[in-house]
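# Observations on the model geometry
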Amino acid sequence: MQLKSEKDEIAAAQSVVNDELRDRLIKMKVTGMRVDGHFLSQVKRIIVTDVTFSKAKELGAVKTVADSEKLRKLYQSGVKIKGVRVNIFIQIREAKDE
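In short, a report on the structure. (Residues numbered from 1 in each chain as written. Predicted model: local features only at pLDDT ≥ 70, side-chain atom pairs only at ≥ 80, totals over all residues. Heavy atoms only, no water.)

Per the secondary structure count, the chain includes 3 helices and 3 strands. Written out in order from the N terminus, the α and β elements of the chain read α-β-β-α-α-β. Taken over C-alpha atoms, the radius of gyration comes to 18 Å for the chain, far larger than the 13 Å a tight globule of 98 residues would show. Seen along its three principal axes, the alpha-carbon backbone of the chain occupies a region of about 45 × 45 × 25 Å. Across the 98 residues that make up the chain, the buried fraction comes to 17%. Look at the contacts in the chain between residues 6 or more apart in sequence, and 62% of them connect residues 24 or more apart. (Helix = DSSP H or I, 4+ residues; strand = E, 2+ residues; numbered from the N terminus. Rg over C-alpha atoms; globule rule 2.2 N^0.38 Å. Buried < 20%, exposed > 50% of the residue type's maximum accessible area, 1.4 Å probe, protein only. Contact = heavy atoms within 4.5 Å.)

Here it is as C-alpha coordinates:
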(Lines give C-alpha, C1' and ligand atoms only; values in the text may rest on other atoms or scores of the structure.)
Protein backbone atom coordinates (compact mmCIF):
# COMPACT_ATOMS: atom_id res chain seq x y z
CA MET A 1 0.00 0.00 0.00
CA GLN A 2 2.90 2.36 0.73
CA LEU A 3 4.30 1.90 -2.80
CA LYS A 4 1.00 3.07 -4.30
CA SER A 5 1.04 6.08 -1.99
CA GLU A 6 4.59 6.96 -3.03
CA LYS A 7 3.71 6.55 -6.71
CA ASP A 8 0.71 8.86 -6.20
CA GLU A 9 2.94 11.44 -4.49
CA ILE A 10 5.45 11.31 -7.36
CA ALA A 11 2.68 11.65 -9.94
CA ALA A 12 1.24 14.65 -8.07
CA ALA A 13 4.66 16.32 -7.80
CA GLN A 14 5.32 15.65 -11.49
CA SER A 15 2.00 17.26 -12.36
CA VAL A 16 2.84 20.38 -10.31
CA VAL A 17 6.27 20.73 -11.97
CA ASN A 18 4.78 20.15 -15.42
CA ASP A 19 2.11 22.82 -14.84
CA GLU A 20 4.68 25.30 -13.55
CA LEU A 21 7.02 24.77 -16.51
CA ARG A 22 4.14 25.06 -19.00
CA ASP A 23 2.92 28.27 -17.33
CA ARG A 24 6.41 29.80 -17.50
CA LEU A 25 6.79 28.93 -21.19
CA ILE A 26 3.39 30.46 -21.92
CA LYS A 27 4.31 33.65 -20.04
CA MET A 28 7.56 33.83 -22.02
CA LYS A 29 5.54 33.25 -25.23
CA VAL A 30 7.80 30.39 -26.34
CA THR A 31 7.22 26.68 -26.82
CA GLY A 32 10.75 25.66 -26.01
CA MET A 33 14.18 26.78 -24.90
CA ARG A 34 17.67 25.52 -24.16
CA VAL A 35 18.63 25.43 -20.48
CA ASP A 36 22.01 24.25 -19.20
CA GLY A 37 22.61 21.76 -21.98
CA HIS A 38 19.02 20.50 -22.13
CA PHE A 39 16.08 21.36 -24.36
CA LEU A 40 12.83 22.14 -22.58
CA SER A 41 9.86 22.10 -24.91
CA GLN A 42 6.10 21.98 -24.70
CA VAL A 43 4.67 19.07 -26.64
CA LYS A 44 1.09 18.96 -27.88
CA ARG A 45 -0.30 15.61 -28.98
CA ILE A 46 -3.74 15.19 -30.48
CA ILE A 47 -5.06 11.81 -29.37
CA VAL A 48 -7.80 10.31 -31.53
CA THR A 49 -8.07 6.81 -30.09
CA ASP A 50 -11.55 7.46 -28.67
CA VAL A 51 -13.07 8.55 -32.00
CA THR A 52 -15.57 5.93 -33.11
CA PHE A 53 -15.01 4.23 -36.44
CA SER A 54 -18.42 5.40 -37.66
CA LYS A 55 -17.50 9.04 -36.89
CA ALA A 56 -14.16 8.66 -38.69
CA LYS A 57 -15.97 7.11 -41.67
CA GLU A 58 -18.50 9.96 -41.70
CA LEU A 59 -15.57 12.41 -41.89
CA GLY A 60 -13.84 10.44 -44.65
CA ALA A 61 -10.93 9.65 -42.35
CA VAL A 62 -10.72 5.88 -42.62
CA LYS A 63 -8.37 3.30 -43.97
CA THR A 64 -8.95 -0.23 -42.79
CA VAL A 65 -8.98 1.49 -39.41
CA ALA A 66 -9.60 5.12 -38.50
CA ASP A 67 -6.96 7.38 -40.12
CA SER A 68 -5.43 9.06 -37.06
CA GLU A 69 -3.35 11.49 -39.11
CA LYS A 70 -6.37 12.67 -41.08
CA LEU A 71 -8.41 13.00 -37.87
CA ARG A 72 -5.60 15.09 -36.33
CA LYS A 73 -5.50 17.38 -39.37
CA LEU A 74 -9.29 17.78 -39.31
CA TYR A 75 -9.19 18.56 -35.58
CA GLN A 76 -6.36 21.07 -36.06
CA SER A 77 -8.38 22.78 -38.79
CA GLY A 78 -11.19 23.40 -36.30
CA VAL A 79 -13.49 20.40 -36.81
CA LYS A 80 -14.95 19.33 -33.44
CA ILE A 81 -14.68 15.54 -33.15
CA LYS A 82 -16.14 13.58 -30.24
CA GLY A 83 -13.49 11.33 -28.75
CA VAL A 84 -10.47 13.50 -29.56
CA ARG A 85 -8.29 14.38 -26.58
CA VAL A 86 -5.32 16.77 -26.51
CA ASN A 87 -2.34 15.95 -24.33
CA ILE A 88 0.12 18.77 -23.61
CA PHE A 89 3.22 18.06 -21.59
CA ILE A 90 6.75 19.29 -21.01
CA GLN A 91 9.63 17.37 -22.54
CA ILE A 92 13.19 17.77 -21.34
CA ARG A 93 16.03 16.13 -23.25
CA GLU A 94 19.77 16.48 -23.30
CA ALA A 95 21.00 18.92 -25.93
CA LYS A 96 23.67 17.67 -28.29
CA ASP A 97 26.45 20.14 -28.93
CA GLU A 98 26.26 21.37 -32.48
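Let's pick the thread back up.
Look at Lys 29: it is not a glycine, yet its phi comes out positive at around 60 degrees. For Lys 29, the location among the structural elements is in the loop between helix H1 (2-28) and strand S1 (32-35). Positioned with a positive phi, Asp 36 is a non-glycine residue whose angle comes to about 45 degrees. When its relative accessible area of 74% is taken as the criterion, Asp 36 is described as exposed.

On the basis of which strands lie adjacent, the open sheet formed by 3 strands has the order S1-S2-S3 and antiparallel pairing. The sheet is open, and its two edges are formed by S1 and strand S3 (85-94), each paired on a single side. The sheet shows a mean angle of 25 degrees between the axes of neighbouring strands, direction not considered. Summarising the sheet, S1 and strand S2 (residues 38-47) pair through 4 bridges and their orientation is antiparallel. Along S2, the bridge assignment pairs Arg 34 with Phe 39. Sheet strands in contact with H1 are S1, S2 and S3, and its direction is about 90 degrees off that of S3. (Pairing = 2+ DSSP bridges. Axes fitted to C-alpha atoms, helices over the stretch in contact; angles between N-to-C directions.)

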